[in-house]
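Structural description and commentary
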Amino acid sequence: MLPAPWVPTFAVPAAVFLLLALLAVASGGPSPGDFDRGDPGAEAYSILTFHDYTPPPPPALPPPPAAPAATCAGDLRGVGDLDTRCVVRDSVRLGGGGVYVSGNGSLVLLDGVAVTCERSGCVVSANLSGGILLGRGARVVAGWVSLAAANITLGDGAVVNTTALAGDPPDQTSGVPTGTFGDGGGHGGRGASCNVRKGQTQEDSWGGDTYAWSELKTPSSYGSKGGSTTVEKDYGGGGGGVVWLFAEEIVMNGTVLADGGDGGTKGGGGSGGSIYLKAATMQGGGRISACGGNGLAGGGGGRVSVDVFSRHDDTEIFVHGGRSSGCLDNAGAAGTLYEEVPKSITVSNNNLSTQTNTVFLDPPYEPLWTNVFIRNHAKVSLPLRWSRIQAQGQISLLSGATLTFGLTHYPYSEFELLAEELLMSDSTIKVFGALRMSVKMLLMWNSRMTIDGGKQSGVTTSLLEGSNLIVLKEASMIHSIGNLGIHGQGVLNLSGQGDTIEAQRLILSLFYNIRLQITGYRISRSASRKVIGAIAAAIVFSAVGPGAVLRGPLINGSRHDMAPKLNCEDESCPMEIFHPPEDCNLNSSLSFTLQICRVEDIDVSGLVQGTVINFNRARSVTVERSGTISATGLGCRGGIGRGKMLGSGISGGGGHGGKGGDGIYSGSHAKGGSAYGNADLPCELGSGSGNVSASSTAGGGIIVMGSLEQSLPNLFLSGSIEANGGSFTGVASHGANGGAGGGSGGTILLFVRTLLLKKGSVLSSVGGDGINGSGGGGGGRIHFHWSDIPTGDDYIPFATVKGSILARGGLCEGQGFSGENGTVTGKDCPKGLYGTFCQECPSGTYKNMTGSSKSLCWPCPRNELPHRAVYISIRGGVAETPCPYKCVSDRYRMPHCFTALEELIYTFGGPWLFGLLLSGLLVLLALVLSIARMKFVGSDEMPGPAPTQHSSQIDHSFPFLESLNEVLETNRAEESHCHVHRMYFMGPNTFSEPWHLPHTPPEQISEIVYEDAFNKFVDEINILAAYQWWEGSIYSILCILSYPLAWSWQQWRRRKKLQRLREFVRSEYDHSCLRSCRSRALYEGLKVAATPDLMLGYLDFFLGGDEKRPDLPPRLHQRFPMYLIFGGDGSYMAPFSLHSDRVVTSLMSQAVLSSIWHRLVAGLNAQLRLVRRGNLKATYLPVLKWLETHANPALNTYRVRVDLAWFQATALGYCQFGIVIHAVRGIVAAEIQSGSALKIDQHSLNQDTNADSQSQVGHSRSNEAIMRKRLTGTILDVDNLRMLKDRRDLFYPLSLILHNTKPAGHQDLVGLVISILLLADFSLVLLSFLQLYSYSMVDVLLVLFVLPLGILAPFPAGINALFSHGPRRSAGLARVYALWNITSLVNVVVAFVCGLLHYKSSTKKHPSMQPWNLGGDETSWWLFPTGLVLCKCIQARLVDWHVSILEIQDRAVYSNDPTIFWQ
């Protein structure tokens, strides 16, 4: 309770003075140390521009009032003093006009304490130097509450409440509604009105209007009262009061209310009041509200201003309008929240739907707002003409917000929107008039921007600039019923279904990219603001995404005055079609309805639709598979080529590129429209099917890309570009029979450099279809006007067409006719190129004039094409003759496409002259070789005199075929006198079947050896004679790769094995098996030797001299029957031969003269040379006959006979052949008959159970039965020779070419011919390599290494054989040469196969190649391989003769006359 003396003095003048003082404090009036934010320098206070800011000092105290101030104890009933500390413990109800508290102390309202003055306009003011603390649940209630202190703290549940306690609003304001409609009061936002006046919409009706716009930063006005439904009683809610809080620090954990009062169901809600907070810092989580009151119509929100430098609070601030029970979707308009430090204004209606606006009367220019936030179904209107809203930062419309420029029925002004960013989510911008927008970033999420310039307005052109980024997403739309220009320097993105930009005339210009980047997806509305930020961060390019639309015009131009007028009746072309302006400004005088100008990259995945579409000064246009650029049905309904329409409704189709189809129905005939325009540079709209009525169809529009001055560098089409004529889709206007014809196709004019039409793409200017007998529309025109067509070496294909290009006429139903096809043309191509797309003339043609027809590509003269060559295409086409060509393979050489072989042949005059020169050269070289051979070899090969039958001297000029009398380690003549027995090794000495000796000593040596020691000796010998596994493996590999090398390897290993055996017997073995002490001491009782071919080995036993046995060594007659085994195996390299060394010769000399024995051996070996393995039955027969006619008659004189026999079958089936020597009659025969046991030395074979191996040697003489008991084997005769088993291996066919023969004589001539053939063979090999090289290097390698180097080896082998010394060495090397020669046939066969394969493949690849008769081309691939086969076969025969001449120097050995043979 106030003291009585104070009341009258404070009642009027003191209260006014207090209010003025508080206004001075609020406005920062001049006082020491105060910081005035209203000064021009106040911009420096913004945290956006001033970073070194220090918090201002606490506000200065207002001057004392005229009336005395309240006291702590008296007026507030507290404890303490206001200059120190005043604590109010109990609630106080104030009377009068309020209370003013001042002092240097602090004020504390304990928990639950209330200081109230519940009268309208009642003022509670405190101005203290200390602090003000409102405890938990404390309340201060008044119409105006002003608290100024060093710090202000509102505890939990504390309330400063001025709800519905407002005083009178300012004069000359219309915040209080008029009438009795129960409208809401207005202040920061308009009050709602549920009464819609006639001729108005809900948006045009409101209650109390806004006011106090100038107090936006420092609000100090009371809210307005709501209207009532009766004049008798005021049901309207009261307006909100005023709350000012000034402090250095505010702790806001309570609530500050300045809400309007509720009006109930019969009154409108009051508008919110004013709240002004000014401090250096604020923290806490309280609530601040200046909302409108609820009622029949809700009151408008108030005004809140927060001037706090440093905020660390989660305070909720509400300024929304009140709810309307009379119109639920039209709450009161939201008030304003202004934040001084960031200089941002927020209008939020707390998601209450409203049709009532918050009015921005005059947004400031200086200083500018930083951010403008309109959200949660708030609606903001700028009704004044030429208004501008500008923000330094962001203008954000979220969650159903609406921003309206101008008045609905007065679209006569232009408006401006300027900001860094314009963000829209589930919101709307409405413009009544024209809009000039300039932002760096425009992001729209499920939002709309509609621009209505009015039908008669002169402000129909709007310009939107998004310099960095424009994104439309989730069915966002920019719609203008006038002209619309959108430009920027960044990217534009229409990202998905429903995203649309449309206007009557639309121009998009200056963007860097229009390209698809992200696809559509859906999120909740609560997350839309976060998504907008993500979009801005993620998008790099722009797009017309799937389902998005760019459209201009909105409707067909022939049916609406606002649509662009079409050039339908004028056949002349507008110049802007070919020469569009460079400035890219929107010009309504131009023909374009949709223009995209100066955009770097354009990516279309949706729909681009317009009547005249122009892409000008772009870098690339990409139409994705889901994208369409369409002018279909948007051309003229009439036009130059319109079809005739009859009264029955039947009409002809429109004409353009082709004549329209005639309409026919029941005898009526409607002529189709005529064709018009220039196919080489079209520029016309398609024509309709009749008049311009709604029942007619329209032709196609015009799509132009590029211009004559600036062509489009790249056009990539996966979707469709179409300017088709329209088809009738409505209901016939003249009965069931009527139906309009199809409109003609429009124009697609492409000024492009590079074109790519992917598979499934469509480029179409097709006529529309007619129905019910009406004609189909004629096809349109498509023209490719290529720019800068490269020619010559600079040419690259610039058009790739895998899709469809259509310009056909439209179809028809019934009796009518289809429209004629339109035209698809291209710019005339330069020389060498033809066709619509200026392709290179086909290979084999040339074009030497300008034009596009394929008939201008003339065939190249065939007589200029070399053999084995084909015409080729060159870059830029062939412009002149001669036409370029290339050889069919890189192996052929230009300019005649010869192989290296042909180059060589024709260098020397052609095939015949080359062959003649080569033949002469070969003969000359062969003569030189023969002379050199004679000089080098000398007389080594000249035959010497044969030994006579009267001489016992061995003539060494006749080698092994005469006597074979040279054996290693057998150079002592006295060895034959102590020789006891010769024991032969079994086996052929191969890797699979090595030499081996049988166990158990034969009877002939049983007296001179110890049996056990002998068996051990045999074991050691057999182990040494066996080969290692790797030796056989190498031999097997070499047999596959190169048989001559395998044979050489085998001979080398045999020689090494013989040396090893001899070394063992000579020095390593102690001869312990011998009984003779002298033999064991001197190591001379055993000798190992072998035949020269190393296939037959034997072991000789000698006496030591200390045996003292008169019966040893045995005489010849005691050794009978005696057999000698042949060396060799009957092959070409190792023919059968009888080896007669000095021991045998010495023994035989006991019964036969040495000369007779030598001659017999020579003759027998000559016959054995002709025996061939695999054909033993036929080749052994002459040997048998020779023995009967030549040998035995001569030996009969000495009572000795020789028979051919088979011996020693091994376990592997190998058998040995030889001769059996036995006495005919006399003493020897008597000894045999008397039972003298003479057995052959291979005693081990007695254990063989084979029937053939157990058969006894015998003949037709009287002692045959006895000999069968003594000998193991079979004597061969004519009868049992037929039963001889003869094995043939894989190489047997080669023996037909390569075998031993009788000497032919003419040794020098044979050597000369061999030299010629050897050189010819080498020459053919080189020529074959040249021929194969022309096929492939792989062929050369195959022939060279299958078998490895086999084809080259015969030449060095032949030279080595021809230039070797001595008949024996020459014969051996000649056999090696023959083996290499026959082996190289494998390489020749490989060459034959390679040639055949090449011939087959070449005839398939180049069937029209010119044949050639000779020289190694595809038709004569067989020539050199065949020549090599013949040459090698002839060489084989000559080498056989050459070997026989070297080995048989006395041809008398083959004489059929025995007398001549023995001379």
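Every residue gets a number counted from 1 within its own chain, in the order that chain's sequence is written. It should be noted that, the model being predicted, local features are given only for residues of pLDDT at least 70 and side-chain atom pairs only at 80 or more, the latter also being counted only at that level, while totals for whole chains, interfaces and linings use all residues. Excluded from the side-chain calculation are hydrogens and water; included are all heavy atoms of the structure.

Turning our eyes to something else, we now look at the overall build of the chain. Secondary structure summary: the chain contains 24 helices and 70 strands in total. In the chain, buried positions account for 57% of the 1463 residues. The contacts of the chain with a sequence gap of at least 6 include a subset with a gap of at least 24, amounting to 67%. Here a helix means four or more residues in a row that DSSP labels H or I, a strand means two or more in a row labelled E, and each is numbered from the N terminus. Residue burial is assigned from relative accessible area. The probe radius is 1.4 Å, only protein chains are included, and a residue is buried under 20% of its type maximum, exposed over 50%, and partly exposed in between. By the convention used here, residues are in contact when the closest approach between their heavy atoms is within 4.5 Å.

We now examine unusual backbone geometry. In this model, Thr881 is joined to Pro882 through a cis peptide bond whose omega is 0°. Here Pro882 is to be found in the loop between strand E61 (869–871) and strand E62 (885–887). Across the junction of Met894 and Pro895, the peptide omega takes the value 5°, indicating a cis bond. Its place among the elements puts Pro895 in the loop between E62 and helix H4 (900–907).

Two strands form a pair only when DSSP identifies at least two bridges running between them. The strand order E3-E6-E9-E11-E13-E15-E17 describes an open sheet built from seven strands, whose pairing is parallel. The sheet terminates laterally at strand E3 (92–93) and strand E17 (316–318), the two strands that pair on one side only. In terms of strand pairing, E3 meets strand E6 (residues 114–116) through two bridges, oriented parallel. By the bridge assignment, Val92 is partnered in E6 with Val115.

Time to look at the confidence of the model for the chain. Close inspection of predicted coordinates is inappropriate in any region flagged by low pLDDT. Confidence of the predictor in every single residue is expressed as pLDDT, which spans 0 to 100. Mean pLDDT for the chain: 82, with 84% of residues reaching 70 or above. Considering only residues more than four positions removed or in separate chains, one finds that residues 516–542, a stretch of pLDDT under 50, has 66 contacts. Of the regions scoring below 50 in pLDDT, residues 1226–1270 engages in 95 contacts with residues more than four places distant in sequence or in other chains.

Turning our eyes to something else, we now look at the packing of helix H5 (residues 911–937) against helix H18 (residues 1307–1335). Helices that pack against each other are described as a pair by the angle of their axes relative to one another and the distance between those axes. At their nearest, the axes of H5 and H18 sit 8 Å apart, and the two run at 130° to each other. With respect to their mutual orientation, H5 and H18 come out oblique. The chirality of how H5 crosses H18 is right-handed. Where H5 approaches H18, its residues Phe914, Leu918, Leu922, Val923, Leu925, Ala926, Leu927, Leu929, Ser930 and Arg933 are matched on the opposing element by Gln1307, Leu1312, Ser1315, Ile1316, Leu1319, Ala1320, Ser1323 and Leu1327. Here the nonpolar group is Ala, Val, Leu, Ile, Met, Phe, Trp, Tyr, Cys and Pro; Asp, Glu, Lys and Arg are the charged ones; every other residue, Gly included, is treated as polar. Broken down by class, the residue content of the contact of H5 with H18 amounts to 13 nonpolar, four polar and one charged. To define axes, lines are fitted to C-alpha atoms, for helices over the stretch in contact only, and angles between the resulting N-to-C directions are given on a 0 to 180 degree scale. With respect to orientation, any angle under 35 degrees is reported as roughly parallel, any angle over 145 as roughly antiparallel, any angle of 65 to 115 as roughly perpendicular, and every other angle as oblique. In a left-handed crossing the near helix is turned counterclockwise from the far helix by less than a right angle, and in a right-handed crossing that turn is clockwise.

Our focus in this paragraph is the pairing of strand E42 (residues 612–616). Burial runs high along E42: five of the five residues are buried. In E42, alternate side chains face the same way, and those of Val612, Asn614 and Asn616 on one face and Ile613 and Phe615 on the other are all buried. Pairing between strand E39 (residues 594–597) and E42: four bridges, direction parallel. Residue pairing for E42: Leu594 is matched across the bridge by Ile613. Here four bridges tie E42 to strand E47 (residues 702–705), and the two strands are oriented parallel to one another.

Any carboxyl oxygen of Asp or Glu that lies within 4 Å of a side-chain nitrogen of Lys or Arg is treated as forming a salt bridge with it. Taken as a whole, this structure holds 31 salt bridges when the rule is applied. Across the pair Glu902 and Arg868 runs a salt bridge whose closest N-O atoms are separated by 2.5 Å. Pair noted here: Glu902 is in helix H4 and Arg868 is in the loop between strand E60 (858–859) and E61, with a separation of 34 residues, a long-range link. No difference in accessibility class separates Glu902 from Arg868, as the two residues are buried.

Our next topic: the sheet that holds strand E67 (residues 1137–1138). One open sheet accounts for five strands, arranged E67-E66-E69-E68-E70; its pairing is antiparallel. Only two strands of the sheet have a single neighbouring strand rather than two, namely E67 and strand E70 (1274–1275). Two strands pair when backbone bridges link them, and strand E68 (residues 1200–1207) and strand E69 (residues 1216–1223) are joined in this way by eight bridges, in the antiparallel orientation. What sits directly across from Arg1201, in E69, is His1222.

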